[in-house]
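# Structural description and commentary
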Amino acid sequence: QVQLVESGGGLVQAGGSLRLSCAASGRTSSIYGMGWFRQAPGKEREFVATIKWIGGDTTYTDSVKGRFTISRDNAKNTWYLQMNSLKPEDTAVYYCAANRLGLRLRKDDYDYWGQGTQVTVSS
């Protein structure tokens, strides 16, 4: 069993920045990939970014490229999402997630999920 606890959400103005954190505990040796997803009201949970545990390769959805950065600190079993130049359309509940495979873009490929943290960007 793996537990994920995320933090760092909040309310910011357009153009501002936030950093989300996700801390994993339990059987963390099973984690090969980490990711971030987001879900706006009435919409499906969508992929944002993913990073490989070993090697650190990353993939992003097009809408956040150049603005968001995913990173990880393996020694701390923690990964992050640095969000810059935030836009109102980034407003959503953000979820961190972990999988046993590696770089994955589909939510169904993830095994463990955090509780979600609200990010609100005002215009």
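Right, let's walk through the structure included here. (Residues numbered from 1 in each chain as written. Predicted model: local features only at pLDDT ≥ 70, side-chain atom pairs only at ≥ 80, totals over all residues. Heavy atoms only, no water.)

All right, on to the state of the cysteines then. This structure, assessed with the given rule, holds one disulfide. Here Cys 22 pairs with Cys 96 through a disulfide, and the sulfurs are 2.1 Å apart. Disulfide Cys 22-Cys 96: torsion about the S-S bond near 55°, hence right-handed. Here Cys 22, found in strand S3 (residues 18-26), pairs with Cys 96, found in strand S9 (residues 92-99); they are 74 residues apart in sequence, far enough to count as distant. (Disulfide = S-S within 2.5 Å. Helix = DSSP H or I, 4+ residues; strand = E, 2+ residues; numbered from the N terminus.)

Now for the layout of surface pockets. Of the volumes computed, that of the largest pocket is approximately 170 Å³. Lining the largest pocket are 13 residues, with Arg 38, Lys 43, Glu 46, Glu 89 and Asp 90 positioned closest to its centre. Looking at side-chain class alone, the lining of the largest pocket contains two nonpolar, three polar and eight charged residues. (1 Å grid on protein atoms, 1.4 Å probe; cavity = no way out; pocket = protein on both sides within 12 Å on 5 of 7 lines; lining within 4 Å. Points joined across faces, edges and corners; volume = space filled by probe spheres on them. Nonpolar A, V, L, I, M, F, W, Y, C, P; charged D, E, K, R; others polar.)

The values reported here are purely geometric and, on their own, carry no functional implication.
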